Amino acid sequence: MPDQLLPPAAAFGMNPDSVDGPVGPIAYRRTGRGHPLVLLHSLALDGRMWGPYAARLAPHFDVIAPDARGHGGSGWDGGPFDTADLAADLAALLDGLGLPSAHVLGMSMGGSVAIEFAGTHQARVDRLVLADTTAWYGETARGAWTERAERAVALPRRRQVPFQVDRWFTERFRRTRHDEVRRIAGIFVETDSGAHAEASLALGRLDARHLLAGITAPTLSVTGEEDYATPVPMGREIAEGVADGRHRTLSGLRHLSLVERPDLAGLVRAHLDGAEPAEPDSVGTCCLAGAAGHAAVVA
């Protein structure tokens with residue numbers, strides 16, 4: 001679909017609605033038509049992250065992008081939480097919207113939450129997409145994420161931006177798309193430092209590997225080729241652990257692969273429609289090879 005016909009991305013961040021959740025309101029943005037598709041954002045951002053990507057999907061799906069607890073407009077009681085709590089929030093969101101089930105797409109932290117949700121609420125996930133994410137960060141995760149949590153509250157938000165931006169986007173994107181980099185960085189700066197820290201601790205405790213075998217939703221795992229936050233082997237392990245899973249490596253992309261390349265909506269849309277993941281909506285490079293549990297990079 002030509003860009004000029006897409007719903008404006010800026011409008012996606014305006015005036016979120018909310019439903020009641022376990023620890024306060026769950027803010028969400030909603031656009032489009034068709035089968036419901038929930039988009040779960042990455043750490044220390046919120047549902048506005050999905051603006052251009054949501055615009056690509058809106059002609060085909062009823063796109064719903066919530067804010068995680070303590071992020072954006074969603075409430076938080078200041079207490080500890082983990083990915084199971086965030087999955088409970090997703091269940092409350094679907095309940096509040098009267099939706100028995102939905103497609104779910106999660107990126108980074110949102111993907112870890114989606115794994116938790118799909119593994120414990122199997123009947124509520126129709127098809128699953130997991131982008132730049134993991135079920136487990138490894139043996140050293142607790143220590144590494146504790147340091148990240150401490151830094152989240154110790155440093156002014158703007159001083160944390162260079163570290164984040166380097167992980168999120170390729171050097172070329174940072175050089176040529178200042179507008180989008182500033183938009184995402186602006187969301188990060190506005191995120192509550194305490195919630196950022198608590199979510200970091202939750203990711204340090206994360207180990208959802210035992211849930212993978214119980215996921216019944218057909219699952220597509222995608223990982224940016226240059227993602228060093230959740231490298232390709234982590235995404236591949238998800239596909240290998242799910243009964244109906246496949247993995248794709250996205251050439252030349254980092255941790256926020258689908259934000260950098262919203263034209264990859266076509267690949268995701270094909271999976272959600274039950275077809276083989278298709279070419280991107282516009283010309284570019286993307287890995288589209290690899291059967292279930294096996295990935296290869298194609299330029």
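Residues numbered from 1 in each chain as written. Predicted model: local features only at pLDDT ≥ 70, side-chain atom pairs only at ≥ 80, totals over all residues. Heavy atoms only, no water.

Further remarks concern the pattern of salt bridges. All told, the structure shown has 15 salt bridges when counted by the stated rule. Across the salt bridge formed by E198 and R205, the nearest N and O atoms sit 3.9 Å from each other. Connected via shared salt-bridge partners are D166, R174, E226 and R254. (Salt bridge = Lys/Arg side-chain N within 4 Å of Asp/Glu carboxyl O.)

Formed by 84 residues in total, the largest nonpolar core has its most connected members in L39, W50, L105, L128 and I184. Apart from residues lying up to four places away in sequence, W50 is in contact with F12, L39, L40, H41, A55, A65, L105 and M107. (Core = buried A, V, L, I, M, F, W, Y, C linked by side-chain atoms within 4.5 Å. Buried < 20%, exposed > 50% of the residue type's maximum accessible area, 1.4 Å probe, protein only. Contact = heavy atoms within 4.5 Å.)

What follows is about helix 9 (residues 232-241). Where helix 9 is concerned, the buried positions are V232, M234, G235, I238 and A239. Those residues of helix 9 that are buried are in contact with helix 3 (109-120), strand 6 (125-131), strand 7 (219-224) and strand 8 (245-250). (Helix = DSSP H or I, 4+ residues; strand = E, 2+ residues; numbered from the N terminus.)

Both strand 1 (residues 17-21) and strand 2 (residues 24-32) contribute to a ladder of five bridges, which runs antiparallel. By the bridge assignment for strand 2, V19 is matched with I26. The hairpin formed by strand 1 and strand 2 contains two residues between the paired strands. Sheet topology places strand 2 next to strand 4 (residues 61-66); five bridges connect them, and they run antiparallel. Bridged to R29 within strand 4 is A65. (Pairing = 2+ DSSP bridges.)

The next subject is the side chain of H196. Relative to the helices and strands, H196 is located in helix 8 (residues 193-205). H196 sits in the buried class, given a relative accessible area of 2%. The residues contacting H196, other than those within four sequence positions of it, are L43, A44, A152, R157, Q160, Q164 and F188.

To continue, consider unusual backbone geometry. A positive phi angle, close to 65°, is found at A44, a residue other than glycine. Considering the arrangement of structural elements, one finds A44 in the loop between strand 3 (35-40) and helix 1 (51-57). Despite not being glycine, D132 shows a phi value in the positive range, around 50°. Inspection of the secondary structure puts D132 in the loop between strand 6 and helix 4 (141-154). The class of D132 is buried, set by a relative accessible area of 0%.

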